[in-house]
Amino acid sequence: MSDQLREEEIVSYYNTVVQTKLHNYLYGNPRVVAAWKTILDYKPKQNTPLKVLEVGCGVGGVCSRMHKKWPDAYITGIDISTKSIEIANKLFANSKIKFVEGILTPETFNETFDLIIFMDVYEHIAVHDRPTVHAAIKKLLNNKGRLVLSVPTPHNLKWSAVHKPETMQPVDEHISLSVVNQLALDTDTEVLLYKIKDIWNVGDYAHIVFEKNSDFEE
């Protein structure tokens, strides 16, 4: 399968699940609630983030939540799903929130961010695409900025593949500690937090926080 066909398949898949994303926004989702708490607890230490990027923003619910929490911040959401971005623009776009359709590369943005979020997204990036995404994060994350990931644990994905195969997505990679380490090395960040969470089952999610700190000696 060509890369173009593969991308079209993935976009098509995420276009079909926008109703689920809207339902999660309207009625809540324990996974999102838990990740949101970690974001609040581990936002950049020095101050309120002034520029935030959410990768895989879906219909924009978390971007809206961040806007309400940090009304002075500029929030950017990016997603590969055409329909998700269309809905996000209709529901939430304003002078402080913008949404971009596409994938994250070093050339996607000509700005930098204090906080970058991948909420249940990083595991859906194919292994061969990681270097491009890592290069983008390294370029876009400000010094003292933080990167927050919420991902299913490997044993969660293994169990789901056997017992709930219908829940698996076109790309579902296992985010092991070695993957986390490589992400830190490639983005010139340090791991501040790796914590296992119990969302629907025991130990089914991990929250991971990275920080770029070029002033360590100071």
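Owing to the predicted nature of the structure, the values given are computational and were not obtained by experimental measurement. (Residues numbered from 1 in each chain as written. Predicted model: local features only at pLDDT ≥ 70, side-chain atom pairs only at ≥ 80, totals over all residues. Heavy atoms only, no water.)

A. Fine view of the overall build of the protein chain. Looking only at helices and strands, one finds eight helices and seven strands in the protein chain. Relative to the globule expectation of 17 Å for 218 residues, the C-alpha radius of gyration of the protein chain, 16 Å, shows essentially globular dimensions. Expressed as lengths along the three principal axes of its C-alpha atoms, the size of the protein chain is roughly 50 × 40 × 35 Å. Here the protein chain, with 218 residues, has 49% of them falling under the buried criterion. Put simply, of all contacts in the protein chain between residues at least 6 apart along the chain, 70% involve residues at least 24 apart. Working note: accessible area of the protein chain is about 11300 Å², and carbon and sulfur atoms make up 52% of it. Looking at the protein chain, you have 24 positive and 28 negative side-chain charges, and the mean spots of the two groups are 7 Å apart. (Helix = DSSP H or I, 4+ residues; strand = E, 2+ residues; numbered from the N terminus. Rg over C-alpha atoms; globule rule 2.2 N^0.38 Å. Buried < 20%, exposed > 50% of the residue type's maximum accessible area, 1.4 Å probe, protein only. Contact = heavy atoms within 4.5 Å. Areas by Shrake-Rupley, 256 points an atom, 1.4 Å probe, with all protein chains shown as cover. Lys, Arg positive; Asp, Glu negative; His and termini not counted. Charge placed at Lys NZ, Arg CZ, Asp CG, Glu CD.)

B. Structural context of the pairing of strand β1 (residues 51-55). The buried fraction of β1 is high, at four of five residues. Summarising the sheet, β1 and strand β2 (residues 74-79) pair through five bridges and their orientation is parallel. Each bridged residue has a counterpart across the sheet, and for glutamate 54 the counterpart in β2 is glycine 77. A crossover links β1 with its parallel partner β2, the connecting element being helix α4 (residues 61-69), and its sense is right-handed. Relative to strand β4 (residues 113-119), β1 runs parallel, the two sharing four bridges. Counterpart to leucine 53 in the pairing with β4 is isoleucine 116. (Pairing = 2+ DSSP bridges. Right-handed = clockwise from strand over helix to strand, strands pointing away.)

C. Structural detail: the pattern of salt bridges. Tallying each qualifying case throughout the model produces seven salt bridges. Here aspartate 41 and lysine 37 are joined by a salt bridge, their closest N and O atoms 2.9 Å apart. Separated by four residues within a single helix, aspartate 41 and lysine 37 lie in helix α3 (residues 30-41), roughly one turn from each other. Relative accessible area serves as the criterion here: at 46%, aspartate 41 is assigned to the partly exposed category. (Salt bridge = Lys/Arg side-chain N within 4 Å of Asp/Glu carboxyl O.)

D. Inspection of the state of the cysteines at higher detail. Taken as a whole and judged by the stated rule, the model has zero disulfides. Free cysteine: cysteine 57, not disulfide-bonded; nearest cysteine sulfur from cysteine 63 at 5.0 Å. Overall, the relative accessible area of 6% leaves cysteine 57 in the buried class. (Disulfide = S-S within 2.5 Å.)

E. Broad picture of the nonpolar core. Core analysis: the largest hydrophobic core is formed by 27 residues, its most contacted members being Leu53, Leu104, Ile116, Phe118, Tyr122, Leu147 and Leu149. Looking at this core, the elements that each hand over two or more residues are β1, β4, α6 (130-140), β5 (141-152), α8 (177-187) and β7 (205-211). For tyrosine 122, the residues in contact, after removing those within four places along its chain, are Arg130, His134, Leu149, Val151, Ile175, Val179 and Leu183. (Core = buried A, V, L, I, M, F, W, Y, C linked by side-chain atoms within 4.5 Å.)

F. Local environment of helix α7 (residues 154-163). Buried within α7 we find Asn156, Leu157 and Ser160. With its buried residues spanning 95 degrees around the axis, α7 presents them on a single face. Relative to its buried face, α7 has exposed residues pointing more than 90 degrees away, namely Lys158, Val162 and His163. (Arc of directions from axis to C-beta.)

G. Here's a closer look at the packing of α3 against α4. As a packed pair, α3 and α4 sit with axes 12 Å apart at the nearest point and diverge in direction by 40 degrees. Considering their axes alone, α3 and α4 lie oblique with respect to each other. By crossing handedness, the relation of α3 to α4 is classed as right-handed. Contacts from Val32, Trp36 and Leu40 in α3 reach Val62, Arg65, Met66 and Lys69 in α4. Among the residues forming the contact of α3 with α4, the class breakdown is five nonpolar, no polar and two charged. (Axes fitted to C-alpha atoms, helices over the stretch in contact; angles between N-to-C directions. Parallel < 35°, antiparallel > 145°, perpendicular 65-115°, else oblique. Left-handed = near helix turned anticlockwise from the far one by under 90°. Nonpolar A, V, L, I, M, F, W, Y, C, P; charged D, E, K, R; others polar.)

So far we have only geometry, and geometry alone does not tell us how the molecule works.
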